[in-house]
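Overview (structure and organization)
Spelled out from the first residue to the last, the chains are:
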Amino acid sequence: MSYNWFNQQLLELNDQLIAWRRYLHQHPERSYHEEQTAHFIAQQLEAMGIAYRSGVGGHGIVADILADEHEGAPIVALRADMDALEIQDEKQCEYVSTVPGTMHACGHDGHMATLLAIANVLQRNRDKWRGQVRLLFQPAEEVSPGGAQQMIKDGAIDGVSSIYGVHLWTPIPYGKLAICEGPMMAAVDDFFLTINGKGGHGGMPHTCIDAVVVGAALVQQLQTIVSRHLSPLEPAVVSVGTLQAGQTQNIIADRAIMNGTLRSFSPVVREQIIERVEHITRHVCEMYGASYDLHIRRGYPALNNDLNETERMRAVAIEQFGEASLEVAEKMMPAEDFAYYGQHIPASFMLVGAGNEQEAKYPHHHPMFDFDERAMILAAELLGVTALKALEQKYCEVRVNV
Ligand SMILES: [Zn+2]
Ligand SMILES: [Zn+2]
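Bear in mind that the values here come from a model prediction, so they are computed numbers and not experimental data.

1. A look at the overall build of the protein
Scanning the protein for helices and strands turns up nine helices and 16 strands. Considering the protein as a whole, with its 402 residues, one finds that 54% of them fall into the buried category. Put simply, 81% of the contacts in the protein that link residues at least 6 apart link residues at least 24 apart. Surface accessibility of the protein: about 17300 Å² in total, with carbon and sulfur atoms responsible for 50%. One finds the centroid of the 30 positive side-chain charges in the protein at a distance of 3 Å from the centroid of its 50 negative side-chain charges.

Quick look at the structure:
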């Protein structure tokens, strides 16, 4: 089935798409505070005549677009994240953030605008497709525990057969897209450790337990988790980000505080790393006679792209934009809470190139961050047509089974 009507009408909506994005860019809200953002989304959905549920998983919104023919038909979902970051917008442009210290520096404004454009076209053409498309506007992607888990608990993906998402991505140039099946973005866990030694005179170390020495030994030992314990074929990171101890040169430090981050792709490796951090901490501290307090904060799991749904997205990308547009995504160590949806239903997530040599050359989370706005149309075509094709296939399967 051809979806030229969809692409055509999206193109006609381009000015509106950019206006939505720029409004959202000017009015960013941080994770867990997306109240006005949700209000804006709700207003747009209302104007389109689309039914929605607000307050889902915090400030999340779930909107359902029903084709004329939808009885007993499958539901597929598309997801956009809503939150901005605690960064001062340093760009010079007419749509710069109006909120001091807060900025859409990851492109989530573009994700929301993209979903609104898809909603608009699907809602106006309910006679041209079959089934139900659910839109998830999800709060709090940037800060663990994140909004996805809470939205799932609040029923956002109940009855949904598959879900798709994108990230506009400036490290990839506009016009290119990247995806890989299986794990694409890492699981992230952080650790927070306090080592308790025994302070005293710098000239009398034998009466003390030196927290600096224990901390230094521990930093060394933690390096062996990746280099000596895990399979060399399993990518993982153990980074000690901070180590703070002591006050002055002639006092033995009684306490050291060490924080770090743990990243992995395989769930087995993830558990191995956590177990090794606990094991090494326990034994190194014991060796020196120190006590400790270790807290491991589990973050997002690895983002795992479903094989079939990734193949579907890939096929749509090739059909829409040509074979040359598609790259194999390299696994990345940043995390993404879209991963949680994939733990419940088949899910696939693609990176849509949004970089250029002019305004969009800065990395995500940078005070000068911006993206190539033309990428939003590509993202909308990709997500919209993927949803329509998935519905078409699933609809036929349902009919055959009846
Ligand atoms: Zn981000
Ligand atoms: Zn992001």
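2. Section: the UniProt feature "binding site: Mn(2+)" (unreviewed entry) in the protein
Listed under "binding site: Mn(2+)" (unreviewed entry) in the UniProt record, and renumbered for this structure, are Cys106, His108, Glu142, His167 and His365. For the annotated residues, spread through 260 residues, the largest C-alpha to C-alpha distance comes to 13.4 Å, consistent with a single compact locus. Its location among the elements puts cysteine 106 in the loop between strand E3 (75–81) and helix H4 (108–124). Judged by relative accessible area, cysteine 106 falls into the buried class, the value being 7%. Leave out the neighbours within four places in its chain, and cysteine 106 touches Leu85, Glu142, His167, Leu168, His364, His365 and Phe369. Residue placement: histidine 167 occurs in strand E5 (residues 160–173). Filtering out sequence-adjacent residues up to four positions away, histidine 167 remains in contact with Cys106, His108, His111, Glu336, Phe349, Met350, Leu351, Val352 and His364.

3. Section: the side chain of aspartate 190
Looking at the element boundaries, aspartate 190 is found in strand E8 (residues 187–196). Each residue touching aspartate 190, except ones within four places of it in the same chain, is listed here: Gly260, Thr261, His295, Ile296 and Arg297.

4. Re the coordination of the zinc ion (ligand 1)
Only Cys106 (SG), Glu142 (OE), Glu142 (OE) and His365 (NE2) from the protein coordinate the zinc ion (ligand 1), and they sit 2.0 to 2.7 Å from it. In primary sequence terms, the donor set of the zinc ion (ligand 1) follows C-x35-E-x222-H. A gap of 3.1 Å separates the zinc ion (ligand 1) and the zinc ion (ligand 2), which cysteine 106 links by coordinating each metal. Separated by 259 residues along the polypeptide, cysteine 106 in the loop between E3 and H4 and histidine 365 in the loop between strand E16 (347–355) and helix H9 (375–401) bring together distant segments of the chain. Judged by its relative accessible area of 38%, histidine 365 falls in the partly exposed class.

5. Details of unusual backbone geometry
Both trends apply: most residues other than glycine have a negative phi, and most peptide bonds are in trans. Of note, the bond from serine 144 into proline 145 is cis; its omega dihedral lies within 30 degrees of zero at 10°. Considering the arrangement of structural elements, one finds proline 145 in the loop between strand E4 (132–138) and helix H5 (147–153). Even without glycine at this site, histidine 365 takes up a positive phi of about 70°.

6. Some details on the pattern of salt bridges
Applying the stated criterion across every chain, the model contains 22 salt bridges. A cluster of three or more residues bridged by salt bridges with shared partners is formed by Arg21, Arg22, Glu94, Asp109, Asp370 and Glu373.

7. As for the coordination of the zinc ion (ligand 2)
Surrounding the zinc ion (ligand 2) are the protein donor atoms Cys106 (SG), His108 (NE2) and His167 (NE2), which sit 2.1 to 2.4 Å from the metal. One chain supplies every donor to the zinc ion (ligand 2), and in sequence these donors are spaced C-x1-H-x58-H. On the basis of relative accessibility, which here comes to 3%, the residue histidine 167 falls in the buried class.

8. Describing a nonpolar patch on the surface
Among the surface-exposed residues, Val213, Met287 and Tyr288 lie close enough to one another that they form a single nonpolar patch of about 290 Å² accessible area. For valine 213, a relative accessible area of 38% corresponds to the partly exposed category.

9. Considerations on helix H8 (residues 307–321)
When the terminal C-alpha atoms of H8 are compared, their 21 Å separation across 15 residues agrees well with the 21 Å that a helix rising 1.5 Å per residue should span. Among the residues of H8, Glu309, Thr310, Arg312, Met313, Arg314, Val316, Ala317 and Phe321 are the ones counted as buried. Where H8 begins, the capping side chain belongs to aspartate 306, and its oxygen is found 3.1 Å from the backbone nitrogen of asparagine 308. One or two steps after H8, the chain reaches glycine 322, where phi turns positive at roughly 90°.

Parameters and conventions
- Residues numbered from 1 in each chain as written.
- Chains lettered and ligands numbered in written order.
- Predicted model: local features only at pLDDT ≥ 70, side-chain atom pairs only at ≥ 80, totals over all residues.
- Heavy atoms only, no water.
- Helix = DSSP H or I, 4+ residues; strand = E, 2+ residues; numbered from the N terminus.
- Buried < 20%, exposed > 50% of the residue type's maximum accessible area, 1.4 Å probe, protein only.
- Contact = heavy atoms within 4.5 Å.
- Areas by Shrake-Rupley, 256 points an atom, 1.4 Å probe, with all protein chains shown as cover.
- Lys, Arg positive; Asp, Glu negative; His and termini not counted.
- Charge placed at Lys NZ, Arg CZ, Asp CG, Glu CD.
- UniProt positions renumbered as here; feature names shortened; annotations may be inferred.
- Donors = N, O, S within 2.8 Å, 3.2 Å for Na, K, Ca; no water.
- Salt bridge = Lys/Arg side-chain N within 4 Å of Asp/Glu carboxyl O.
- Patch = residues over 30% accessible without salt bridge, like charges linked within 9 Å, V, L, I, M, F, W, Y side chains within 5 Å.
- Expected span 1.5 Å × (residues − 1).
- Polar contact = N/O pair within 3.5 Å; in protein donor to acceptor, adjacent residues only side chain to side chain.

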